[in-house]
Amino acid sequence: MLLLPAAALCCLCSALVSMAADLIQDDASLTRRVGGNVSFSCGGLQQCGNSYVFWYQKKDKDTFRVILDIDKSDGDIDKSYSSHPQKDDFSAVKTQKGWELELKTVKEDHSATYYCSCWLSGSSHSERLFIFGPGTKLIVTASEQQVVKPVVNVYPAAPTGRPEGSSSLLCLASDMFPPLVRFSWKRQKENGSLEELHPAEGEQLELRETGHSTAILFVQQQESSSYKYSCYVKHEGGTVKAQTEQDNEHVHEMLRREQRTFVNM
């Protein structure tokens, strides 16, 4: 079995935030109380060049640490090379989605984000490409915590700072627990079918602050007048859809404040 060198892992971890996620982790977050159980899924494994799926843990203000790998064909696990202090807490479980990473007894210090990864099929032996999922954050609570879906609204956004010749839409998700969400957009012409909005058809900027998350979509003005756009916010409590509403000065002011925050980061 091939292992990722420590130096290469360090480089990969530092660049992960800017990488496009190639594997699929459907859950942005999972909330469990102490003593409960949880499993983490990973899709898109047909892209992997061998049978091994590696799992990493990243705690806040800490580096990525490998836990173990799971053979996706039979669920066999290998953690002999791992120095992770919690590696014996983890196992593999078979579900309808395939073999998943499992915690049978959740502890408070399991709070972290968990990433699956593998070698990309077709990459050369001398230039192996390692691909990741976007991660699933495990939120551990001392008592039962109710998951609350976000309130979602879409507005025409203030023109400040947008690319020339484009229109912008603001999708605001707020009042949710846990606070993690994932945004996507769809569009529809009058009497037409709903279609996915691919990255090449609109630039998206995401801003996250305490209490709310915002996605700003930039589209060409001629296209924005031809389509009705819908924002989809995926959350642990379910997916919430919202369509364009009328202009709102309060939201414009919030957007201007967030744009200033983003510029000063």
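Residues numbered from 1 in each chain as written. Predicted model: local features only at pLDDT ≥ 70, side-chain atom pairs only at ≥ 80, totals over all residues. Heavy atoms only, no water.

Asks: Explanation requested: the environment of Leu-45 in the structure shown.
Replies: By secondary structure assignment, the location of Leu-45 is in the loop between β2 (38-40) and β3 (52-58). Apart from the residues lying within four places of it in its own chain, the contact partners of Leu-45 are Leu-23, Val-53 and Lys-72. (Helix = DSSP H or I, 4+ residues; strand = E, 2+ residues; numbered from the N terminus. Contact = heavy atoms within 4.5 Å.)

Asks: In this structure, what is going on with the pairing of β3? I would like to understand it.
Replies: Burial runs high along β3: five of the seven residues are buried. Where β3 lies against strand β4 (residues 64-71), seven bridges are found, and the strand directions are antiparallel. Along β4, the bridge assignment pairs Tyr-52 with Asp-71. A loop of five residues connects β3 with β4, the two strands running antiparallel in sequence, and Lys-61 in this loop sits at a positive phi of about 60°. Bridge count between β3 and strand β8 (residues 112-119): five bridges; the pairing is antiparallel. Bridge pairing links Tyr-56 to Tyr-115 in β8. (Buried < 20%, exposed > 50% of the residue type's maximum accessible area, 1.4 Å probe, protein only. Pairing = 2+ DSSP bridges.)

Asks: I keep staring at the state of the cysteines and nothing clicks. Help me out?
Replies: Disulfides are covalent bonds that connect the sulfur atoms of two cysteines. Applying the stated criterion to the full structure yields three disulfides. Linked covalently through their sulfurs, Cys-48 and Cys-118 form a disulfide whose S-S length is 2.1 Å. Residues Cys-48 and Cys-118 are joined by a disulfide whose S-S torsion is about -85°; by sign, that bridge is left-handed. Pair noted here: Cys-48 is in the loop between β2 and β3 and Cys-118 is in strand β8, with a separation of 70 residues, a long-range link. Paired through a disulfide, Cys-171 and Cys-231 show a sulfur-sulfur distance of 2.0 Å. Classification of the bridge connecting Cys-171 and Cys-231 rests on its S-S torsion, roughly -85°, and on that basis the disulfide is left-handed. With Cys-171 in strand β12 (residues 166-174) and Cys-231 in strand β17 (residues 228-235), this residue pair connects regions lying 60 residues apart in the sequence. Each member of the pair, Cys-171 as well as Cys-231, is classed as buried. Here the bonded cysteines of the protein chain are numbered in sequence order, and their pairing is 1-3, 2-4, 5-6. (Disulfide = S-S within 2.5 Å.)

Asks: Any chance you could explain the pairing of strand β18 (residues 238-243) here in plain terms?
Replies: If a strand is regular, its side chains alternate between the two faces of the sheet. As defined by bridge partners, β17 adjoins β18 across six bridges and the pair is classed as antiparallel. Across the sheet, the residue bridging to Ser-230 is Gln-243, located in β18. Connecting β17 to the antiparallel partner β18 that follows it, the hairpin turn spans two residues.

Asks: Could you clarify how one ought to interpret the sheet that holds β12 in this entry?
Replies: The antiparallel open sheet is built from four strands, whose spatial order is β11-β12-β16-β15. In the strand order of this sheet, the two ends are held by β11 (151-156) and β15 (203-209), each with one partner. Along the sheet, successive strands turn relative to each other by an average axial angle of 15°, direction set aside. (Axes fitted to C-alpha atoms, helices over the stretch in contact; angles between N-to-C directions.)

Asks: Honestly, empty space enclosed by the protein in this entry has me stumped. Any pointers?
Replies: With a probe scaled to a water molecule rolled over the atoms, the places where space remains empty come into view. Summed over all chains, the structure comprises one cavity of 30 Å³ or more. As a volume, the largest cavity reaches approximately 30 Å³. Every residue lining the largest cavity is listed: Leu-45, Val-53, Trp-55, Ile-70, Lys-72 and Trp-99. In terms of residue class, the lining of the largest cavity is built from five nonpolar, no polar and one charged. (1 Å grid on protein atoms, 1.4 Å probe; cavity = no way out; pocket = protein on both sides within 12 Å on 5 of 7 lines; lining within 4 Å. Points joined across faces, edges and corners; volume = space filled by probe spheres on them. Nonpolar A, V, L, I, M, F, W, Y, C, P; charged D, E, K, R; others polar.)

Asks: What should I look at first to understand the sheet that holds strand β6 (residues 90-95) in this one?
Replies: Two modes of strand pairing occur in sheets, parallel and antiparallel, and in both the strands are linked by backbone hydrogen bonds. Ordered in space as β2-β7-β6, the three strands form an open sheet in which the pairing is antiparallel. The sheet is open, and its two borders are formed by β2 and β6, each paired with just one other strand. Going from strand to strand, the sheet's axes swing by 40° on average, the running direction of each strand aside. Here β6 runs beside strand β7 (residues 98-103); their pairing, made up of six bridges, is antiparallel.

Asks: Would you take a moment to explain the nonpolar core for this structure?
Replies: Grouped together as the largest cluster of nonpolar side chains are 23 residues, with contacts concentrated most on Leu-23, Phe-40, Trp-55, Leu-101, Leu-103, Tyr-114 and Leu-138. Listing elements by their share of this core, those giving two or more residues are β2, β3, β4, β7, β8 and β10 (136-141). Looking at this core, the element that brings in the most residues is β8, giving four residues. In this structure Leu-101 touches Val-38, Ser-39, Phe-40, Trp-55, Ile-67, Leu-68, Ile-70, Phe-90, Ser-91 and Tyr-114, once residues within four positions along its chain are discounted. Formed by 19 residues, the second largest nonpolar core is a distinct cluster that contains Leu-169, Cys-171, Phe-183 and Tyr-227. (Core = buried A, V, L, I, M, F, W, Y, C linked by side-chain atoms within 4.5 Å.)

Such coordinate-based values are descriptive only and should not be taken to indicate function.
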